[in-house]
Amino acid sequence: MIGKLSIDLHKLAKFTNLAIPILAVLFFLAGFRFSFYFHFLTVTFLFLTVINLFYLHVQSSHSVLRNFGILGQGRYMLESIGPELRQYLFANDTEEKPFNRTERAEVYRKAQNIDSASSFGSQFEFDSSEIKIRHSMFPIGKDKLVPYRLTFGEERGITKTYTINKPFVISAMSYGALGEKAVRSFARGAKMAGIPMNTGEGGYPKYHLDEGCDLIFQMGTAKFGVRNEDGTLNDDKLKELAGKESIKMVEIKFSQGAKPGKGGLLPKEKITDEIAELRGVPKDRDVVSPSSHAECTDIENTVAFIKHVQDVTELPVGIKLCVGRPQQFEELVVEMKRQDVFPDWITVDGAEGGTGAAPKAFIDRVGMPLFPALKSVNDILTKNGVRDRLKLMASGKLVAPGRQMVAFCLGADAIYSARGFMLSLGCIQALQCGNNTCPVGITTHDPALQHGINIDAKAPRIANYVHNLEHDLEELLASAGCRSVKELTFDHLYVPSESTLHPFINAN
Amino acid sequence: MKNKAYIFSWIAQLIAVVIMGQTLFFKFTGHPETIVIFEEKLNMPGGQYVIGTLELIACILLLIPNSIAYGALLGAGLMTGAIIGHFTKIGWEGSHLQLGIMAFITLASCISILLIRRKELPFINAALKEKCEQAND
């Protein structure tokens, strides 16, 4: 039998634990006999011995340290840099979540105006789950395309309608979730790109307003900025806010993809004095919004509440929700028909959505994914004959033109994205949004980390990203032989059998 | 309770800084007593500058809020070395007894600071946390 070389970590640890005090003694003797300088090592190893004894015999919260002593720290050290090692060295280009390197690279290239042509075939799994767009045998010229134009509020005939000329909107991220510089960069970039930005449910939109871009004010379940003490709507505050020049529309958030059925969450690490004041909340604990609006307890008063907000603001008013049960949504639509009240748009947030911090179970397990949810919503609206009474917006990982096209085919009129814009601002997907430790300074209030963002350098990237998305969208539309996104239908999609959209093929 | 502990920590910090700090004057000016200790007894000529510099660093760290625990660690290490010196080479006669006792007092101060601020120390703090963030026991 030939002895094999192998490393027994437990034996190695035991040897180390024995060696440390022995070395302390040896260095002591060397210090005594040769040079007093050896006692630097004596003291070091003496301290290591004490720490090791503490690990092995005193503390009880970590089994690894109790059994392995100081070498056990190696596990924690390596584990702590595991995400970085995997991302940089070991994970392949298509396996990271939520966005793999291929997807992130596409956004980075768009944001920096670098050509995104790639060669030698797709990285995707072709035959199993990828939805494809069916192109036409007779693509049209790009000159035949109808310029994109979407007017919110036109169905109700209000005076203050709002028109967008590009189908992209920066999705809801609050000041609180984002740091000041990130908010300013997004707002300035949105202004340069000519698209609106959603404020998120972060209370009075201070830095958003500074930059003068068009804003969609989001009213979350806690109604930060427009609330009474008891959590109900303060009409006067809302009216005052809606009167501002920059505020073009108001979105009532019923639920969001990161945590459907739960209110917004701002971890206490991220609550500064200013945020506490803007939201009117205490600093020393997480801010948890209620799971629903105080006014909305059933379908009837929910629809009435939408009407109320429309009347108070005199602006286009939309709602945002993540679909749980399509049947319930249908009940809502029926009630809208009965009261003849429709929001000016509905934002369907896919369960995959989520810049926000949320309990893991909610991020992973609650709510319908965007594509089947969007399709269901569009079908329900069409079935009830009210699809032309409102617009549909879609959000949920729509960072690249491919998925955006799919959303258009499923009935979306415009695209909401948050993470796409974060990536174009330099997000590296470190997954630390809730810890106030964002390494690129986007989701943090730490001035030392925000130092990483130069607003003047980053804002144009938002505009570049929008511009290149628009370019790709036009190319895709032309190849599908459609003159505008309105002409896209479910039939423009090739849906493989393993897709979540596959059941809808038979239904149609 | 926490505030009391921090007040106690600051008192200990000041004790350690004052004791270590006043010896720096003798070390850096080459006081005859210092020469005797470092050159004759310990056989480390010029060692007073090495030790003196390290003590100066420890004093500074002990006064900066973010680095107090590190200063205490360095101070405790230096004082342990000093006590080893007294036991093995310097002895306890005359003024050396006084110096040795001061080393003990400083060591005790530094250890108190370390105990109060144990959660600020790297390597130790992980083992002290009741809950660990990634739940990796």
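Residues numbered from 1 in each chain as written. Chains lettered and ligands numbered in written order. Predicted model: local features only at pLDDT ≥ 70, side-chain atom pairs only at ≥ 80, totals over all residues.

## Section: the overall build of chain A
For clarity, the threshold we go by: Numbered from the N terminus, helices here are DSSP runs of H or I no shorter than four residues, and strands are runs of E no shorter than two. To assign burial, the other C-beta atoms lying within 10 Å of each residue's own C-beta are counted, with C-beta atoms placed from the backbone; 20 or more indicates buried, 12 or fewer indicates exposed, and intermediate counts indicate partly exposed. Any two residues are considered in contact once their C-beta atoms, placed from the backbone, lie within 7 Å.
If you tally the helices and strands in chain A, you get 19 helices and 14 strands. Along the three orthogonal principal directions, the C-alpha set of chain A runs to about 95 × 60 × 45 Å. For chain A, buried positions account for 44% of its 508 residues. In chain A, 69% of the contacts between residues at least 6 apart in sequence involve partners at least 24 apart.

## With respect to the environment of Ala480 of chain A
Residues and elements named next belong to chain A. Its location among the elements puts Ala480 in helix H18 (residues 455-480). For Ala480, a count of 21 C-beta atoms within 10 Å gives the class buried. Residues Ala480 and Ile133, 347 residues apart in the sequence, show an inter-C-alpha distance of 7.7 Å. Residues contacting Ala480, with those up to four places away along its chain left out, are Ile133, His135, Ser136, Leu488 and His492.

## Description of the nonpolar core
To keep things clear, this is the line we draw: Buried Ala, Val, Leu, Ile, Met, Phe, Trp, Tyr and Cys residues form a nonpolar core when they are connected through C-beta atoms within 7 Å.
Formed by 116 residues in total, the largest nonpolar core has its most connected members in Leu374, Val377, Ala394, Ala412 and Ile462 of chain A. Residue contributions to this core peak at 10 residues, all from H18 of chain A. In this structure, Val377 of chain A is in contact with Val323, Phe329, Ile346, Val348 and Leu392 of chain A, ignoring residues within four places of it in sequence. In this structure, Ala12, Leu62, Ala103 and Ile116 of chain B belong to the second largest nonpolar core, which totals 23 residues.

## What to know about the domain arrangement of chain A
For clarity, the cut-off: What fixes the domain bounds is an automatic or database domain assignment.
With domains assigned, chain A is organised as domain 1 (9-80) and domain 2 (136-507). Here the C-alpha centre of domain 2 of chain A lies 55 Å away from the C-alpha centre of domain 1 of chain A.

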